[in-house]
Amino acid sequence: MRLLVVEDDKDLNRQLVAAFTDAGYAVDAAFDGEEGHFLGDTEPYDAIVLDIGLPKMDGISVLEEWRREGRTAPVLILTARDRWSDKVQGIDAGADDYVAKPFHIEEVLARIRALVRRSAGHASNEVECGPVRLDARAGRVTVDGNPIKLTSHEYRLLAYLMMHQGRTISRTELIEHLYDQDFDRDSNTIEVFVGRLRKKLPADIIQTVRGLGYCIEPPGHAD
Ligand code: CA
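Notes on the structure in this doc start here. What you see is a predicted model; the values in this text were computed from it and never measured.

1. Points about unusual backbone geometry
Next up, step 1: The peptide bond linking K101 to P102 adopts the cis configuration, its omega dihedral lying at -5°.
Next up, step 2: By the element assignment, P102 lies in the loop between strand 5 (97–100) and helix 5 (105–119).
Next up, step 3: A positive phi angle, near 50°, is found at D144, a position not held by glycine.
Next up, step 4: Tracing the chain through its elements places D144 in the loop between strand 8 (140–143) and strand 9 (146–147).

2. A closer look at the coordination of the calcium ion
Next up, step 1: Donor atoms from the polypeptide that bind the calcium ion are D8 (OD), D51 (OD) and G53 (O), placed at 2.2 to 2.3 Å.
Next up, step 2: Mapping the donors of the calcium ion onto the primary sequence yields the spacing D-x42-D-x1-G.
Next up, step 3: Take D51: its relative accessible area is 4%, and that puts it in the buried class.

3. Regarding the pattern of salt bridges
Next up, step 1: Applying the stated criterion to the full structure yields 17 salt bridges.
Next up, step 2: Notably, a salt bridge pairs D28 with R2, separated by 2.6 Å at the nearest N-O pair. Remark: R2 occurs in strand 1 (residues 2–6) and D28 occurs in strand 2 (residues 26–30); sequence separation between them is 26 residues.
Next up, step 3: Residue classification places D28 among the buried residues on the basis of a relative accessible area of 2%.
Next up, step 4: When the shortest N-O distance is used, the salt bridge between R111 and D97 registers 2.9 Å. With R111 in helix 5 and D97 in strand 5, this residue pair connects regions lying 14 residues apart in the sequence.
Next up, step 5: Residue classification places R111 among the partly exposed residues on the basis of a relative accessible area of 29%.

4. Section: the layout of surface pockets
Next up, step 1: For the largest pocket, the calculated volume is near 280 Å³.
Next up, step 2: In this structure, the largest pocket is lined by 16 residues; those nearest its centre are P44, Y45, R71, T72 and A73.
Next up, step 3: Among the elements of the structure, helix 2 (33–42) and helix 3 (59–68) are those that each provide at least two residues to the lining of the largest pocket.
Next up, step 4: Of the residues assigned to the lining of the largest pocket, the class counts are seven nonpolar, five polar and four charged.

5. Here we look at the packing of aromatic side chains
Next up, step 1: Scanning all chains against the criterion turns up one aromatic pair.
Next up, step 2: With a centroid separation of 5.8 Å and 90° between ring planes, the pair formed by F20 and Y25 is classed as edge-to-face.
Next up, step 3: Note on F20: relative accessible area 1%, which makes it buried.

6. Observations concerning the sheet that holds strand 6 (residues 126–129)
Next up, step 1: Here we have four strands laid out as an open sheet, ordered 6-7-8-9, and antiparallel in their pairing. Of all strands in the sheet, those with a lone pairing partner are strand 6 and strand 9, marking the two edges.
Next up, step 2: Relative to strand 9, strand 8 runs antiparallel, the two being bridged by two bridges. Its bridge partner being in strand 9, V143 is matched across the sheet by N146.
Next up, step 3: Its contacts with the sheet place helix 6 (residues 152–163) against strand 6, strand 7 (132–135) and strand 8, and it is angled at close to 105° to strand 7.

Procedures and definitions
- Residues numbered from 1 in each chain as written.
- Predicted model: local features only at pLDDT ≥ 70, side-chain atom pairs only at ≥ 80, totals over all residues.
- Heavy atoms only, no water.
- Helix = DSSP H or I, 4+ residues; strand = E, 2+ residues; numbered from the N terminus.
- Donors = N, O, S within 2.8 Å, 3.2 Å for Na, K, Ca; no water.
- Buried < 20%, exposed > 50% of the residue type's maximum accessible area, 1.4 Å probe, protein only.
- Salt bridge = Lys/Arg side-chain N within 4 Å of Asp/Glu carboxyl O.
- 1 Å grid on protein atoms, 1.4 Å probe; cavity = no way out; pocket = protein on both sides within 12 Å on 5 of 7 lines; lining within 4 Å.
- Points joined across faces, edges and corners; volume = space filled by probe spheres on them.
- Nonpolar A, V, L, I, M, F, W, Y, C, P; charged D, E, K, R; others polar.
- Phe/Tyr/Trp six-rings, centres within 6.5 Å; stacked < 30°, edge-to-face > 60°.
- Pairing = 2+ DSSP bridges.
- Contact = heavy atoms within 4.5 Å.
- Axes fitted to C-alpha atoms, helices over the stretch in contact; angles between N-to-C directions.

The structure is reproduced here in structure tokens:
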């Protein structure tokens, strides 16, 4: 899962990026409204954290533009304390949730987790596929109840496929959702990570759909 943080307060931006990176997300950062608008318009984020008070272009205008242009990524806005009008304006402009400053990073993490899973159609943080169980809150994967060790890239890849189980995901889509913009995007790396992941999981969990990509079938699926 890949996120965008648009926040002009450099310390706060860094804290958010560090917390999301620790939680296993790929994260891009923008420090003003124009840069944020551009990134949100050109990259397919799974969720966006958007400050309202931004230089060059305010957060409400950024959000209105995205929605006008048909960008549907879930957006959590950061509002100033006691500015109830920001919340109303932001939600009317297309925000999915808000957090008022000052906030605990844990709350932003929990709200982003909820937005990401809901936009993938899951009401719970736990997703199962046969013996494989993903706990998005704990960032943990078990097979038959036994925890397995995954690198952050492997975890992200598996989480994305499990969150979208039943759908064939192309390599391009995986690259766009698993790596930040500075990552050297070589589509061969996806094959390498899928290979490593397969060694840690039961056989046939991740299926190759020739010429199209990869798929994890939901439990009970029969060909
Ligand atoms: Ca600000």
